[in-house]
Amino acid sequence: MISMLKTLWLVFKHAFHKRVTIQYPEEKAYLAPRYRGRIILSRDPDGGERCVACYLCAVACPVDCIALDSAEDEHGRRYPGMFRINFSRCIYCGFCEEACPTYAIQLVPDVEMAEYNRQNMVYEKEHLLIDGQGKYHGYNYYKVAGLAIGGKGKGEAENEDPPIDPKSLM
Amino acid sequence: MATLHIDGNPYEADPRQNMLQVSLTHGFDLPYFCWHPALGSVGACRQCAVRQYRNEDDQQGQIVMACMVPAAEGTRISIQDEEAREFRKSIVEWLMINHPHDCPVCDEGGECHLQDMTVMTGHAYRRFRFRKRTFTNQDLGPFINHEMNRCIQCYRCVRYYKDYAGGRDLDAFASHNHVYFGRSEDGVLENEFSGNLVEVCPTGVFTDKTLKGHYTRKWDLQSAPSVCAHCGLGCNTLPGARYGGVRRILNRYHHDINGYFLCDRGRYAYESVNRPERIRHPLLHEDAHDTDTHSKPEFCSVDHALKRARDRLHSARRVIGIGSPRASLESNYALRALVGEDHFHNGLPAAESHLVNVALDILRHGPAKAASLREIEEADAVLILGEDLTQTAPRMALAVRQSIMRAPEETARALGVPAWNDRAVRDVIQTDRGPLYIAAADETRLDDAATSVVYRAPEDLARFGFAIARAVHGDAPPVDDLPEEDAAVAQRAAEALANAKRPVIISGTSLGNESLLRAAANIAWALLRREKPAALAWVVPEANTFGAGLMGGRPLREAYQAVSSGAADTAIILENDLFRRTHDVDVERFLQSLKSVIAIDSLRNRTTDRAHVVLPAGTFAESDGTFVNNETRAQRFFQVLAPEEDVLESWRWLGHLESGTAPSEEPRWKELDDVLAAMARDLPELAGARDAAPAADFLKNGSKFPRSPRRFSGRTAMLAHRDVSEPKPPVDSDSPLTFSMEGSVTIPPAELVSHYWSPGWNSVQALNKFQEEVGGANRGGAPGVRLIEPEKATHSFFTDIPAAFTRSDQKYLVLGLHHIFGSEELSRHAPALAERIPEPYVAIGEADATARGVNEGDEIVLRILGRQHKLRARIRTRLPQGVLGVPAGFPGLTGLVFPADGHW
Ligand code: SF4
Ligand code: SF4
Ligand code: SF4
Ligand code: SF4
Ligand code: FES
């Protein structure tokens with residue numbers, strides 16, 4: 001009996017609480033930056049494409065909805081020539097982001113992706129690549145990798161000595 | 001067998017092995033770098049450390065390198081020992097202090113032995129805070145990419161390249177932690193087996209440059225067991241495909257053939273599959289023979305093309321079929337079944353067809369067996385009669401290079417040095433090498449390894465061979481008037497062969513001389529009469545030359561006659577460019593007199609350009625079929641990718657042509673096994689081909705075997721741009737393989753192995769798990785079935801010794817000189833390989849050049865059979881007088897049957 005009254009009282013009290021239902025879409029919910037929503041490909045601080053087409057996101061994806069194909073510019077910098085995500089399959093688990101060694105692929109707090117036509121859920125690289133760094137600022141993978149690319153020669157990465165001379169014994 | 005103890009448990013092992021090999025065979029995950037089953041141990045990397053105990057009571061023991069400990073009776077080691085584990089972990093940590101942060105952009109990533117070993121030892125974080133040492137890279141040519149920063153100084157590359165493959169232009173430079181592996185300066189790696197560095201190097205220093213252009217990770221490559229289509233040896237390969245194209249070739253271990261290594265033709269020819277000159281849709285060309293109209297062939301639908309082709313067949317007076325030594329047994333047989341035995345031609349010029357029959361008859365009726373490449377590798381005396389192996393059967397040259405180590409290894413064994421102890425063996429034998437005698441028309445790439453080389457015209461080479469046979473056994477016919485010099489070498493060669501335990505005689509068809517084959521047979525038979533287990537190894541030019549020979553068709557000449565006599569007016573030409581086989585004039589006349597030409601081929605060529613109907617054939621990568629190699633081993637290759645366009649296997653097209661007129665009618669051949677069964681009934685000699693691999697209904701625990709690796713990615717997105725609902729994977733009714741990642745997870749029979757992978761072993765070294773013992777036989781037996789085994793009876797010696805070569809003032813004898821890069825038809829289309837093809841030339845001996853006042857590079861007009869060839873002269877020191885050489889199979893020089901008479 002007592003517990004029933006308690007419950008009634010509790011419900012009654014809620015009638016005077018602030019309302020949590022919001023009037024979407026006029027009003028938007030707050031989504032934390034780490035929210036796992038729509039996926040983007042970002043750029044490094046120099047404006048170069050961050051993705052190096054390593055295929056790690058694709059292999060990490062439990063539903064196999066990422067497909068890409070690598071390409072290389074004339075200076076040896078690798079990037080995805082094709083990058084496709086089938087969002088009709090994506091479960092927004094964020095494994096791709098965790099697997100990415102370059103911070104290229106990121107899940108952002110945007111959930112407004114509904115479509116009448118499922119085919120429109122297939123995003124190509126042009127729909128994914130943004131102009132900024134996304135959530136992670138300051139990281140430039142090629143600055144720490146040993147590979148030489150245009151504008152960065154051997155021994156010019158962070159924490160590297162200049163190349164040795166193989167013809168010398170010292 | 002020895003009994004020894006690993007971590008306290010007893011195991012049986014072969015005492016001729018070392019403890020690393022034994023541990024791996026028994027499934028222990030013991031990390032290693034510098035040891036390689038084909039290269040032996042040097043104990044350089046210190047990665048395979050274990051604790052060894054003297055006996056049961058020894059509690060102390062000592063840390064040793066497992067790869068340097070013989071698997072002797074009673075040996076006790078511990079892999080799990082705490083200190084040994086720490087030791088191994090610290091070794092990887094050292095290797096990693098300078099290692100670049102490259103995995104995501106490293107082509108080795110995902111199949112990197114260094115990654116695997118790092119995970120295996122448990123090293124995870126870099127504690128070293130100082131700067132990394134760096135190197136610059138070299139441009140090593142079109143095949144190999146160099147990224148020196150990733151080197152762990154294991155020395156495998158130079159040991160393979162110099163010690164094993166006989167290369168000279170790769171070395172270790174500098175000292176201490178600066179040791180650099182590369183060439184003395186940038187430039188193309190010259191050795192014809194350089195591509196193996198990709199698999200030998202345990203890191204990403206040497207990677208496949210052609211793969212780099214369309215890079216795909218190992219886990220994404222759909223793959224199937226295949227057989228190299230570019231020479232007669234039948235090396236086993238693992239092509240990997242993605243997005244409708246083949247992206248690379250890896251070695252597929254065959255214990256008796258290629259072992260761990262391929263040649264660069266075999267590894268890099270795959271790009272021909274992806275070329276724009278591929279025929280991907282049927283073509284109709286009604287005015288193909290009307291050279292005035294300049295009409296172009298037009299694409300059409302499959303049904304329409306089949307209808308037109310069938311109409312043409314039905315209205316024909318008689319249809320003849322021209323098969324091909326580069327088409328599978330099944331395709332050749334389907335053609336034979338369609339046109340009838342009497343109208344089937346094997347697609348070879350008469351001379352070559354005859355040579356092939358001579359070679360086959362020697363195996364069929366003689367007592368000598370055909371040697372496998374492994375038997376050549378294990379031979380302790382080798383004679384090569386008239387072949388430049390590196391150019392005509394490249395992988396065999398690599399095998400011969402190993403054979404010269406066999407005799408001196410006996411010295412090391414006598415001293416108690418086991419064969420795997422590579423450095424010690426080399427210290428014992430120094431420059432001592434076993435007998436290798438070469439008789440060739442010109443310098444060969446194996447000359448540096450030979451005991452003696454004689455350079456003669458083909459007839460004289462044959463005479464030299466007959467003289468050896470005579471010296472081995474007195475019943476063999478004598479050779480009159482042999483120059484004294486040759487007689488002396490023949491005597492020495494005969495002694496070396498007769499003193500050997502496992503002699504092998506190598507000869508082949510490349511010089512176009514049947515006496516060479518007979519001489520080789522005589523030598524082998526003479527040795528057999530002296531109770532020496534001599535074996536013969538034939539060199540034939542194409543992947544299915546022996547298959548075409550065993551099929552028993554008529555030579556091309558008879559096809560030409562059938563048409564010129566008016567008996568036949570329609571021809572089906574199967575995967576064969578006739579302009580490469582016989583003289584232009586003959587081919588022109590033949591094609592011109594035909595009412596209908598139906599060609600089935602994969603790449604456009606001059607013959608398909610002249611056909612009324614062209615049907616797009618699958619290459620090796622899009623077909624299932626069987627090739628018969630130089631030891632008459634029938635081996636199956638499977639579709640790597642299901643073709644997307646109208647491409648079909650040739651035998652399927654032929655089945656469609658054979659069914660009635662309605663397009664909807666069932667084709668004659670529904671599955672590969674139908675063709676194989678019919679062939680076995682019709683041609684009992686080829687019945688063994690059916691057993692070359694398990695039939696399509698072979699299942700393991702109710703499942704077929706997957707072509708895709710278990711972690712194949714992108715399945716639901718790869719084709720989503722076309723349709724968001726992914727299509728059903730293609731169904732394969734021809735083989736026990738599926739086009740998906742689902743299926744049996746057990747290790748399949750060796751014929752069906754599509755990738756090497758095992759938990760914790762992502763690199764090619766996962767192969768260890770697919771062998772009976774590490775470095776040994778394929779699990780479940782080596783793939784393929786040998787169709788001819790030797791007869792017990794002895795055969796009487798050939799007595800038709802040719803007359804000595806005589807020079808004439810009016811003409812030269814022109815030989816076809818073969819090139820690993822350029823002489824084979826299909827591989828010429830591969831861009832990286834094409835970069836290595838030399839310019840056409842004419843080789844002139846020094847004496848002739850001086851007599852005619854010709855210098856290197858001068859232009860010469862050579863007339864052969866009325867055709868003029870403008871070629872630059874290459875002066876050769878060894879080419880005999882009166883003999884010229886031109887590169888075989890090069891544009892402008894095709895259709896010549898060598899040896900030919902040349903005038904200049
Ligand atoms: S969020 Fe998960 S399901 Fe979606 S693409 Fe990334 S890994 Fe795949
Ligand atoms: S994991 Fe990152 S860098 Fe690698 S392919 Fe995916 S997005 Fe690109
Ligand atoms: S060699 Fe191996 S460990 Fe080194 S960067 Fe390449 S994949 Fe990574
Ligand atoms: S290049 Fe490769 S094979 Fe050669 S020493 Fe370095 S890691 Fe070893
Ligand atoms: S594998 Fe034993 S020391 Fe290198």
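Residues numbered from 1 in each chain as written. Chains lettered and ligands numbered in written order. Predicted model: local features only at pLDDT ≥ 70, side-chain atom pairs only at ≥ 80, totals over all residues. Heavy atoms only, no water.

*Asks:* Please clarify how the site of ligand 4 should be interpreted in this entry.
*Replies:* Near ligand 4 lie 13 residues; those nearest to it are C151(B), C154(B), Y155(B), C157(B) and C201(B). Within the shell around ligand 4, the residues separate by chemical class into 10 nonpolar, 2 polar and 1 charged. (Near = heavy atom within 4 Å. Nonpolar A, V, L, I, M, F, W, Y, C, P; charged D, E, K, R; others polar.)

*Asks:* Is there a simple way to think about the packing of helix α9 (residues 329-339) of chain B against helix α22 (residues 650-658) of chain B in this case?
*Replies:* Two measures define how a pair of helices packs: the angle their axes make with one another and the distance between the axes. Residues and elements named next belong to chain B. Interhelical geometry of α9 versus α22 gives an angle of 15° and a closest axis separation of 8 Å. Relative to α22, the element α9 lies roughly parallel. With respect to the hand of their crossing, α9 and α22 are arranged in left-handed fashion. Contacts between α9 and α22 involve E330, S331, A334, L335, A337 and L338 on the former and, on the latter, S650, W651, L654, L657 and E658. For the contact of α9 with α22, the residue count by class is 7 nonpolar, 2 polar and 2 charged. (Axes fitted to C-alpha atoms, helices over the stretch in contact; angles between N-to-C directions. Helix = DSSP H or I, 4+ residues; strand = E, 2+ residues; numbered from the N terminus. Parallel < 35°, antiparallel > 145°, perpendicular 65-115°, else oblique. Left-handed = near helix turned anticlockwise from the far one by under 90°. Contact = heavy atoms within 4.5 Å.)

*Asks:* Help me understand the site of ligand 3 in this model?
*Replies:* All residues adjacent to ligand 3 are H99(B), D102(B), C103(B), C106(B), E108(B), G109(B), C112(B), L114(B), Q115(B), R150(B), T203(B) and G204(B). Tallied by class, the residues present in the shell around ligand 3 amount to 4 nonpolar, 5 polar and 3 charged.

*Asks:* What exactly am I supposed to notice about the packing of aromatic side chains here?
*Replies:* Aromatic ring pairs are defined here through the distance separating the ring centres and the angle between the ring planes. Residue and element names in this part refer to chain B. What the rule picks out here adds up to 28 aromatic pairs over all chains. Consider the rings of Y32 and W761, whose centres lie 6.2 Å apart with planes at 35°: the pair is tilted. Here Y32 is found in the loop between α1 (19-25) and β3 (49-53), whereas its partner W761 is found in the loop between β31 (737-738) and β32 (785-786), with 729 residues between them in sequence. Exposure remark for Y32: the relative accessible area of 1% places this residue in the buried category. (Phe/Tyr/Trp six-rings, centres within 6.5 Å; stacked < 30°, edge-to-face > 60°. Buried < 20%, exposed > 50% of the residue type's maximum accessible area, 1.4 Å probe, protein only.)

*Asks:* Help me understand the environment of H354(B) in this model?
*Replies:* Positionally, H354(B) belongs in helix α10 (residues 350-365). Sequence separation between H354(B) and E514(B) is 160 residues, and the spatial gap between their C-alpha atoms is 8.3 Å.

*Asks:* Which parts of the structure should I look at to understand helix α21 (residues 584-593) of chain B?
*Replies:* Structurally, the α-helix is built with 3.6 residues per turn, so residues lying three or four positions apart point the same way. Residue and element names in this part refer to chain B. Buried within α21 are the following residues: D584, V587, F590 and L591. In a view along the axis of α21, the buried residues occupy a sector of 135°, so they form one face of it. For α21, the elements touching its buried residues are β17 (319-322), α20 (556-564), β25 (570-574), β26 (596-601) and β36 (867-876). (Arc of directions from axis to C-beta.)

Geometric descriptors of this kind do not, in isolation, establish any biological role.
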